[in-house]
Amino acid sequence: MSVENVLKTIQENNIEWVDFRFVDLSGRAHHISLPASEVDAETFVNGVAFDGSSIPGYRGIEESDMVMLPDPEAVFIDPFTQHPTLNILCDIATPDGEKYDRDPRGIAKKAEEFLKSAGVGTAAFFAPESEFFIFDDVRYESGMNSSSFFVDSEEAAWNTNRKEEGGNLGFKVGVKGGYVPVAPVDTQQDIRSEMCRLIEEAGLRIERHHHEVATAGQAEINFRFDTLKKTADNLLVYKYIVHNTARQYGKVATFMPKPLFGDNGSGMHVHQSIFDGDTPLFYEKGAYANLSEMALHYIGGILYHAPALIALTNPSTNSFKRLVPGYEAPVNLVFSKGNRSAAVRIPVAAVTPKGCRIEFRTPDSTANPYLAFSAMLMAGLDGIKRKLNPIELGYGPLDTNIYELSDAEKGKIRSVPASLDEALDALEADYEFLTEGGVFTKDFIDNYVEFKRSEAKSVNIRVHPHEYSLYFDC
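Model, not experiment: these values are computed from the prediction.

Visitor: What exactly am I supposed to notice about the overall build of the protein chain here?
Guide: The secondary structure content of the protein chain amounts to 14 helices and 17 strands. Relative to the compact-globule value of 23 Å for 474 residues, the protein chain shows a C-alpha radius of gyration of 23 Å, a close match. Over its C-alpha atoms, taken along the principal directions, the protein chain stretches across nearly 65 × 60 × 50 Å. Across the 474 residues of the protein chain, 53% fall into the buried class. Summarising the internal contacts of the protein chain: among those between residues at least 6 apart in sequence, 68% fall at separations of at least 24. Counting 46 positive and 69 negative side-chain charges, the protein chain places the centres of these two groups 5 Å from one another.

Visitor: For this particular structure, what's the right way to read the pairing of strand E10 (residues 218-223)?
Guide: Strand residues, when the strand is regular, have side chains that alternate between the two faces of the sheet. Judged by how many residues are buried, E10 sits mostly within the fold: 6 of 6 residues are covered. Every second residue of E10 is oriented toward a common face, with Gln-218, Glu-220 and Asn-222 on one face and Ala-219, Ile-221 and Phe-223 on the other, all of them buried. Bridge analysis of strand E6 (residues 123-135) against E10 gives 3 bridges, and the strand direction is antiparallel. For Glu-131, the partnering residue across the bridge sits in E10 and is Glu-220. For strand E9 (residues 206-211) and E10, the ladder comprises 5 bridges, and the chain directions are antiparallel.

Visitor: Looking at this structure, I do not really get the pattern of salt bridges. What am I missing?
Guide: Pairing is possible between side chains that carry opposite charge, provided their charged atoms lie close to one another. Inspection of every chain in the model, using the stated rule, returns 26 salt bridges. Arg-361 is the salt-bridge partner of Glu-359, the closest N and O atoms lying 2.9 Å from each other. Of the two residues, Glu-359 and Arg-361, neither departs from the other in class, the shared state being buried. Among the ionic pairs, Lys-442 bridges to Asp-446, the shortest N-O distance being 2.8 Å. Placement of the pair is Lys-442 and Asp-446 together in helix H13 (residues 442-460), with a separation of 4 residues, close to one helical turn. Through salt bridges with shared partners, a single ionic network connects Asp-71, Asp-91, Arg-105, Lys-109, Lys-229 and Asp-233.

Visitor: Looking at this structure, how should I read the nonpolar core?
Guide: Core analysis: the largest hydrophobic core is formed by 100 residues, its most contacted members being Phe-132, Ile-274, Phe-373 and Leu-377. Looking at this core, the element that brings in the most residues is helix H9 (residues 369-386), giving 11 residues. The residues touching Phe-373, leaving out its near neighbours within four places in the chain, are Phe-126, Pro-128, Leu-228, Thr-231, Ala-232, Leu-235, Met-268 and Val-270. If you look at the next biggest cluster of nonpolar residues, it comprises 22 residues, including Val-6, Phe-22, Val-48 and Met-66.

Visitor: Whenever I open this one, H9 confuses me. Can you help?
Guide: A turn of α-helix holds 3.6 residues, and therefore any two residues three or four places apart point the same way. For H9, built from 18 residues, the straight-helix expectation of 26 Å at 1.5 Å per residue is met to within 8% by its first-to-last C-alpha distance of 25 Å. With 16 of its 18 residues buried, H9 lies for the most part within the structure. Its side-chain oxygen 3.1 Å from the backbone nitrogen of Tyr-370, Asn-368 forms the N-cap of H9.

Visitor: Just checking my understanding: could you explain empty space enclosed by the protein for this structure?
Guide: Empty space among the atoms can be located by rolling a probe the size of a water molecule over them. Considering all chains together, one arrives at 1 cavity of 30 Å³ or more under this definition. Within this model, the largest cavity holds a volume of roughly 30 Å³. Lining the largest cavity we find Arg-21, Phe-22, Val-23, Leu-89, Cys-90, Asp-103, Arg-105, Leu-236 and Tyr-370. The dominant element in the lining of the largest cavity, judged by the number of residues it contributes, is strand E1 (residues 17-23), at 3 residues. Here the residues of the lining of the largest cavity sort into 6 nonpolar, no polar and 3 charged.

Parameters and conventions
Residues numbered from 1 in each chain as written. Predicted model: local features only at pLDDT ≥ 70, side-chain atom pairs only at ≥ 80, totals over all residues. Heavy atoms only, no water. Helix = DSSP H or I, 4+ residues; strand = E, 2+ residues; numbered from the N terminus. Rg over C-alpha atoms; globule rule 2.2 N^0.38 Å. Buried < 20%, exposed > 50% of the residue type's maximum accessible area, 1.4 Å probe, protein only. Contact = heavy atoms within 4.5 Å. Lys, Arg positive; Asp, Glu negative; His and termini not counted. Charge placed at Lys NZ, Arg CZ, Asp CG, Glu CD. Pairing = 2+ DSSP bridges. Salt bridge = Lys/Arg side-chain N within 4 Å of Asp/Glu carboxyl O. Core = buried A, V, L, I, M, F, W, Y, C linked by side-chain atoms within 4.5 Å. Expected span 1.5 Å × (residues − 1). Polar contact = N/O pair within 3.5 Å; in protein donor to acceptor, adjacent residues only side chain to side chain. 1 Å grid on protein atoms, 1.4 Å probe; cavity = no way out; pocket = protein on both sides within 12 Å on 5 of 7 lines; lining within 4 Å. Points joined across faces, edges and corners; volume = space filled by probe spheres on them. Nonpolar A, V, L, I, M, F, W, Y, C, P; charged D, E, K, R; others polar.

Below you can see the structure in the form of structure tokens.
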């Protein structure tokens, strides 16, 4: 959409407010709203000022002035505001007009430019499967003398004997028993359908939705793939609509990877491929899983750099509560066709040459999508450049159920880092592939590691409620 068409949209839809949005290092959106009467073509040139020092990980107070530069290609009408509002995603610049090298969306743009300049292909396509929970109640605190959380759901397995419902209606979802049941076990068909309707109105193409494996309202909605930056934009829209639709239904949605102990967590499996114009570059008929040599090298790059990648694709302490064996968590750094116990899976059912792709199953939705997708692309491109063959490197293919292997057999398989600190250590030791072509800068990596280490420390130094169960009577 051109600037002219954006201004026309404002007029034709009687838009009262224009909401300018950007993301921080963690991928959370922030916004400033201007009256529509104050927005004109010059706004797209001069941008909208904001205080960068108030955004964690952005700027110091001595250099706090920043500018949002609206992207006319990234707009949608807000379905939740009382006053008609048009939302526009923005890039970040310094006051002198220079692109800000810590802007996650700017990094995604540079990654796409690097792909083209490398002569590998013209576009990388991404499709995330971003899972989430829909709860009826959530409460938590973390203080000096108390620490707790509590979540509840009418579907939850622990509520089979609850009386507070005004008569328990049964049909609860068992632990690991939630994969695609029909009503009345699945109580959330309508709320997911409403989410999909609003997501489609915002311009995304929905492919399907369903209940996921875990008890207590785990869900998945899939939207159609697109180019790297556009897919990251779409994921922000998706999460915004999921959160606010749940709110309208008197419920709460969370993309937290592991909100429940003892059941499956929520991941963000990321499908990806590279095209040259209309030609898919990951397909070779008759090869293993119909994968081209380029696709194999891309997988080699993903798996070789996976420990460092995970600092960007699984960037929360809670991420590593999900990445444990036994809950369909892809902790094994191998690849396989159709095998969901491998970190990299190659879908093989109903796949056309243009649909041939690889699926990295380790990420979760605490990732900033601009950073995570860019990092995955850079790892894959490094694998292509260096011809990193995953078979020769010992990363598979492994077409057996890895969870059923003996301990000795599992011991031969590389695993993901066990904590956020370990992943950050790996990133500090292996980041050069990210800085190729200036896509990520060393300054960004250093700042990101410092930012995330402070999060890890804040969790590590706090008293955990389970420690009372273990040690209070010592």
